[in-house]
Amino acid sequence: MHDHAESTAGSVHQLARAAKRVAPQLAELSTEAKNTVLRTAAEALVARTEEILEANRADIAAGRENGMDGSLIDRLALDTDRVAGIADGLLQVAGLPDPVGDVVQGRTLPNGLKLRQVRVPLGVMGMVYEARPNVTVDAFGLALKSGNVALLRGSKSAVRSNAALVAVLQDVLAEAELPREAVQLLPCESHATVQELITARGLVDVVIPRGSASLIHAVVQHATVPAIETGTGNCHFYIDKDAPLDSAIDMLLNGKTRRCSVCNATETVLLDAALSDADKLRVIEALQEASVTVHGDVETLSACGARDIVAATAEDWADEYLSFDIACAEVDGVEGAIAHIAKYSTGHTEAIASDSARALQRFADGVDAAAVVLNASTAFTDGEQYGMGAEIGISTQKLHARGPMGLPELTSTKWIVEGAGHTRP
């Protein structure tokens, strides 16, 4: 066992060293060269679809044999359309502005020194993710366009699919006379490889976990490499006494039922205690008619005539359901909503429905989250919806990047200081 762990560490560090070695070459690629690779890779993925699907079928068969959950199999499954969609994602990235070399700010000091703060790649970008093979290609495309090397640690369940995808991408890089090491797949047989990646300080510049709350927590807790926390979304939707109720119900149902397994899905609805009993009942019944199970304080919610409420436990207020379940609480106006959100929020997306300018402003000022949404569904927190193109994830932390992370968030900056023989007094 000890030998296996050591050999695993050796291979992860070996791959990371190779990534570090080629990073300067990637950082200096022209926009044109990067876009050409992305477009060629999109064509190659489509041309080699059958090879990718064959690998994917083997992963699905193994998953079924191991009793994998149906929703996970759906995330894992590829077909011709999904491969075409993955390829199209690379074309979208090729069409996005290149952030590398952008001047963030510049000025000339009174002493004549010229300062420029310029965007530069982060370097070696590690990704730890689960199930979805599309993340393999998305991560490569975003990393390449922002001048970074991608070290990918996918899940064991998608090992054949990911290997087939990376083989296509590496062949395209080699044809373009670029290093194959610009994208590498790490071994995934044991959890030790995650630990090795997230503690490879000096070799890996940043690690980004994407997946379940437990995966993200494990990476952020144990990483010695800088980690960008993404994902977990206990998103609240507060319906104020001054909300246009029909519209509020539409926004709530969109956030909850459009896709319940995503991080921007609405997980808790907060009802202003000042709403009439009839209005509270309308909200609860609209959810139930849409097959959503409502969890809450049975006594409080029954007072407005609601039936079939599941008694909420302490976990209900803090958990991300990712299912057709929602927590429902009464709060004392906008201040009550802000206090409830402060206690239970994961800092992802928090929304309000109201026609009161004062309530909207107070909510916007008082809620601390990556996205605060006024009179719209929580489902809009998404890089593509924000007009940023593809995203690597949604950051719920506060340093460096917050909210949907596109290409600029995969860069750092450096200061270029230009003098004319200046010396400091």
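Residues numbered from 1 in each chain as written. Predicted model: local features only at pLDDT ≥ 70, side-chain atom pairs only at ≥ 80, totals over all residues. Heavy atoms only, no water.

With an unreviewed UniProt entry as reference, the protein chain is termed Gamma-glutamyl phosphate reductase, source organism Corynebacterium imitans. Under Catalytic activity (unreviewed entry), UniProt gives the following word-for-word description of the protein chain: "L-glutamate 5-semialdehyde + phosphate + NADP(+) = L-glutamyl 5-phosphate + NADPH + H(+)". What the UniProt record of the protein chain gives under Pathway (unreviewed entry) is the line "Amino-acid biosynthesis; L-proline biosynthesis; L-glutamate 5-semialdehyde from L-glutamate: step 2/2." (UniProt positions renumbered as here; feature names shortened; annotations may be inferred.)

Focus: the packing of aromatic side chains
Inspection of every chain in the model, using the stated rule, returns 1 aromatic pair. Seen in terms of ring centroids, Tyr238 and Phe363 are 6.4 Å apart; in terms of plane orientation they differ by 15 degrees. Their pairing is stacked. Highlighted residues: Tyr238 in strand β7 (residues 235–239) and Phe363 in helix α15 (residues 357–366), separated in sequence by 125 residues. Taken as a pair, Tyr238 and Phe363 share a single burial class, namely buried. (Phe/Tyr/Trp six-rings, centres within 6.5 Å; stacked < 30°, edge-to-face > 60°. Helix = DSSP H or I, 4+ residues; strand = E, 2+ residues; numbered from the N terminus. Buried < 20%, exposed > 50% of the residue type's maximum accessible area, 1.4 Å probe, protein only.)

With respect to the domain arrangement of the protein chain
When the domains of the protein chain are assigned, the result is domain 1 (12–229 + 403–417) and domain 2 (235–386). When each unit is reduced to the centre of its C-alpha atoms, the spacing between domain 1 and domain 2 is 34 Å. When the two sides are added together, the surface that domain 1 and domain 2 hide from each other amounts to roughly 420 Å², 50% of it contributed by carbon and sulfur. Where domain 1 packs against domain 2, one counts 0 salt bridges. Counting across the interface, domain 1 meets domain 2 through 1 residue pair in polar contact (both at pLDDT 80 or more). Looking at the side of domain 1 that touches domain 2 residue by residue, the class counts come to 1 nonpolar, 2 polar and 2 charged. (Domains from an automatic or database assignment. Buried area = accessible area lost by both parts, 1.4 Å probe. Salt bridge = Lys/Arg side-chain N within 4 Å of Asp/Glu carboxyl O. Polar contact = N/O pair within 3.5 Å; in protein donor to acceptor, adjacent residues only side chain to side chain. Nonpolar A, V, L, I, M, F, W, Y, C, P; charged D, E, K, R; others polar.)

Examining the sheet that holds strand β10 (residues 310–311)
If you trace the 7 strands from one edge of the open sheet to the other, you get β10-β9-β11-β8-β7-β12-β13, paired in parallel fashion. Looking at which strands have only one partner, the edges of the open sheet turn out to be β10 and β13 (371–374). As judged from the 5 bridges shared by β7 and strand β8 (residues 266–272), these two strands associate in the parallel manner. Bridging across to β8, Phe237 finds its partner in Val269. Along the sheet, helix α14 (residues 333–344) makes contact with β7, β8, β11 (325–331) and β12 (349–353), crossing β7 at roughly 170 degrees. (Pairing = 2+ DSSP bridges. Contact = heavy atoms within 4.5 Å. Axes fitted to C-alpha atoms, helices over the stretch in contact; angles between N-to-C directions.)

A short note on the pairing of β12
For a regular strand, side-chain orientation follows a simple rule: the groups alternate between the two sheet faces. Most of β12 is tucked away: 5 of the 5 residues are buried. Side chains Thr349, Ala351 and Ala353 of β12 all project onto a buried face; the interleaved residues Glu350 and Ile352 project onto the opposite face, where all are buried too. For β7 and β12, the ladder comprises 4 bridges, and the chain directions are parallel. By the bridge assignment, Phe237 is partnered in β12 with Ala351. For the crossover from β12 across α15 to β13, the handedness is right-handed. (Right-handed = clockwise from strand over helix to strand, strands pointing away.)

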